Amino acid sequence: MNQVRKYFEKITKLSDADWKIFSSKLKKSEYKKKTTLLELGKVENHLSFIEKGSIRLFVPKEENDITFAFCFSGQFMSAYDSFLTQKPSAYQTETLSNVVLWRITYKDLQDIYKQTEIGNLIGRITAENLFLIKSQREQSFLNETAEERYLNLFTERPELIKEIPLKYIASYIGITPQALSRIRRNIS
């Protein structure tokens, strides 16, 4: 739970009173590798901080799933659009390794916004960070080749290459596993 406080302390000073309220709402959960956290069509009810492990967000398809995001230790994760709207999700979330999460429900987060001085600021900054990650990904698809996206990924997020199966990385950068193999051969 200390990792969660450290994350918030990077954003702003958190009073002990606000932390006591927030931390009282957090629930620790542990999941095995390949566990579905949220199924397609279900409403996301949790915002989760990843203490340990990695998670992917994807659209399930009959042939090949479309992976569009990865989340790692030290980050918040959620099917955030479903969480915000409390409407069914158009995608799934799944653990890629054994995972330890600190989770807060939608209702409890709304209570924190009302009860704490700092809740709204933390919520806004967390949402802004999630938006920036999404925007950067969209810009990369518009402005970079598949090889450039792979090289940038390798540079910016080396943990991806070590922890994530190549078929998910290929899907994430918008190419087939065979095309990724060619790119990897060309650059090695």
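Cut-off values and rules
- Residues numbered from 1 in each chain as written.
- Predicted model: local features only at pLDDT ≥ 70, side-chain atom pairs only at ≥ 80, totals over all residues.
- Heavy atoms only, no water.
- Axes fitted to C-alpha atoms, helices over the stretch in contact; angles between N-to-C directions.
- Helix = DSSP H or I, 4+ residues; strand = E, 2+ residues; numbered from the N terminus.
- Parallel < 35°, antiparallel > 145°, perpendicular 65-115°, else oblique.
- Left-handed = near helix turned anticlockwise from the far one by under 90°.
- Contact = heavy atoms within 4.5 Å.
- Nonpolar A, V, L, I, M, F, W, Y, C, P; charged D, E, K, R; others polar.
- 1 Å grid on protein atoms, 1.4 Å probe; cavity = no way out; pocket = protein on both sides within 12 Å on 5 of 7 lines; lining within 4 Å.
- Points joined across faces, edges and corners; volume = space filled by probe spheres on them.
- Buried < 20%, exposed > 50% of the residue type's maximum accessible area, 1.4 Å probe, protein only.

A. Seen up close, the packing of helix 1 (residues 2–11) against helix 2 (residues 16–25). The contact between helix 1 and helix 2 brings their axes to 12 Å, and the two run at 135°. By the angle class used here, helix 1 and helix 2 are oblique. Relative to helix 2, the crossing made by helix 1 is right-handed. Of the residues in helix 2, those touching helix 1 at Val4, Arg5 and Phe8 are Asp16, Trp19 and Phe22. Among the residues making up the contact of helix 1 with helix 2, the classes are represented as four nonpolar, no polar and two charged.

B. Structural detail: empty space enclosed by the protein. If you walk through the whole model with that rule in mind, you get one cavity of 30 Å³ or more. Volume-wise, the largest cavity comes out at about 120 Å³. Lining the largest cavity, in full, are Phe8, Phe22, Leu47, Phe76, Tyr80, Leu109, Ile112, Tyr113, Gly119, Ile122, Gly123 and Thr126. At the level of elements, helix 4 (106–115) and helix 5 (119–143) are the ones that each hand at least two residues to the lining of the largest cavity.

C. Representation of the environment of arginine 56. Examined against the element boundaries, arginine 56 turns out to sit in strand 4 (residues 54–59). Here arginine 56 falls in the buried class, since its relative accessible area comes to 2%. As for arginine 56 and phenylalanine 68, which are separated by 12 residues in sequence, their C-alpha atoms are 7.7 Å apart.

D. Representation of the layout of surface pockets. Size it by volume and the largest pocket reaches roughly 770 Å³. Ala69, Leu130, Phe131, Ile133 and Lys134 are the residues nearest the centre of the largest pocket, which is lined by 30 residues in total. Put simply, the parts of the chain that give the lining of the largest pocket at least two residues each are helix 1, strand 5 (66–72), strand 6 (76–77), helix 3 (80–85) and helix 5. Considering each element in turn, the lining of the largest pocket owes the most residues, nine residues, to helix 5. Considering only residue class, the lining of the largest pocket consists of 17 nonpolar, six polar and seven charged. Surrounding the second largest pocket, 15 residues form its lining, Gln136, Arg137, Leu153, Glu156 and Tyr172 being those nearest its centre. Contributing elements (two or more residues each) for the lining of the second largest pocket: helix 5, helix 6 (146–156) and helix 8 (166–173). Per-element accounting of the lining of the second largest pocket gives the leading share, six residues, to helix 5.

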